[in-house]
Amino acid sequence: MNVGLVILGGRGILRKDFSSPSGYYDLTSYVEEVAKYISDVCARNDIEFSGKMMATSEDEVLDLNIDKLDLLVVLPLSPIHDHWLHALFSKGIPLLILCPSLDEVISHGNVCLPYFVRDSHKILKILPFTEARANFKVVYSRDELIHEVKAYKAYFKVTSSRILCVGNPNPLVEPLHSKELNYAVVRLLKEKFGIFVRYV
């Protein structure tokens, strides 16, 4: 599994500097700390980490080369617009959005994220998706991020599985021994998880 990190905006106000004159500060050290944390999580769980990317405009979001990633961790900072998150979501890669803790950073990410979540849920209700395989989840702490990365790794193992079926799948469902039901179970596996099934 291949995980990447994208930083949107890259600026904000560190909580410890909140009493300083207003303005956006360079958050390079904070971003590096988060990137190292994600890299360490991936290394401990046998996951490939592709490094970090930064986008400072909607056009740069659209230009991001993330097609080979299986999961994208997003760190929304400042200055951004919720359109940037929609543009990233349109690329069809599952997103784990790490909302910066207000105890650490104050940024547009804390403001724009609720609009993205609200609008995305409305859109998913309107459009006729039967199964949203490329979805997003918002996490609010690094500990929560660890659990979600591990969970997605397990999900990824299932969805990237290949089943070789020798003969027909009669023994799959007990006690009915129904060919029709067993073929329906195979179809359900393919539709729900995208599992590849081949008969020989």
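Look above for the structure.
Numbering of residues starts from 1 in each chain and follows the order in which that chain's sequence is written. In view of the model being predicted, local features appear only for residues whose pLDDT reaches at least 70, and side-chain atom pairs are presented and counted only at 80 or more, with totals across whole chains, interfaces and linings using the full set of residues. Water and hydrogen atoms were dropped before computing side-chain values, which therefore reflect all heavy atoms in the structure.

Judged by side-chain polarity, Ile 123, Ile 126 and Leu 127 come together as a nonpolar surface patch covering roughly 290 Å² of accessible area. A run of H or I in DSSP counts as a helix once it spans at least four residues, and a run of E counts as a strand once it spans at least two, with each numbered from the N terminus. Examined against the element boundaries, Ile 126 turns out to sit in helix H4 (residues 109-126). Residue classification places Ile 126 among the exposed residues on the basis of a relative accessible area of 69%. For patch building, the residue pool is restricted to those with more than 30% relative accessible area and no salt bridge; the joining distance is 9 Å between like charges and 5 Å between nonpolar side chains (Val, Leu, Ile, Met, Phe, Trp, Tyr). Reported accessibility uses the Shrake-Rupley method at a 1.4 Å probe radius. Residues are deemed covered only where the shown protein chains occlude them. Salt bridge, as used here: a side-chain nitrogen of Lys or Arg that lies within 4 Å of a carboxyl oxygen of Asp or Glu. Categorising residues by exposure relies on relative accessible area from a 1.4 Å probe, with only protein chains included: less than 20% of the type maximum marks a residue as buried, more than 50% marks it as exposed, and the intermediate range marks it as partly exposed.

Glancing now at the sheet that holds strand E8 (residues 136-139). Paired strands, as defined in this entry, are two strands with at least two bridges between them according to DSSP. Ordered in space as E4-E1-E5-E6-E8, the five strands form an open sheet in which the pairing is parallel. Two strands bound the open sheet, and with one partner strand each, they are strand E4 (48-55) and E8. Between one strand axis and the next, the sheet turns by 20° as a mean value, whatever way the strands run. By the bridge criterion, four bridges tie strand E6 (residues 95-98) to E8 in an arrangement that is parallel. Bridging across to E8, Leu 98 finds its partner in Val 139. For this analysis, residues touch if any pair of their heavy atoms sits within 4.5 Å. Inter-axis angles, ranging from 0 to 180 degrees, are taken between N-to-C directions of lines fitted to C-alpha atoms, where helices are fitted over the stretch in contact. Where helix H1 (residues 28-44) meets the sheet, it contacts strand E1 (2-8), E4, strand E5 (71-76) and E6, and its direction lies at approximately 160° from that of E4.

With that settled, consider the sheet that holds strand E7 (residues 105-106). Spatial ordering of the open sheet is given by E3-E2-E7, a layout of three strands whose pairing is antiparallel. A strand with exactly one partner marks an edge of an open sheet, and here the two such strands are strand E3 (25-26) and E7. Strand direction decides the pairing type here: strand E2 (residues 11-14) and E3, joined by two bridges, are antiparallel. The partner of Arg 11 across the bridge, within E3, is Asp 26.

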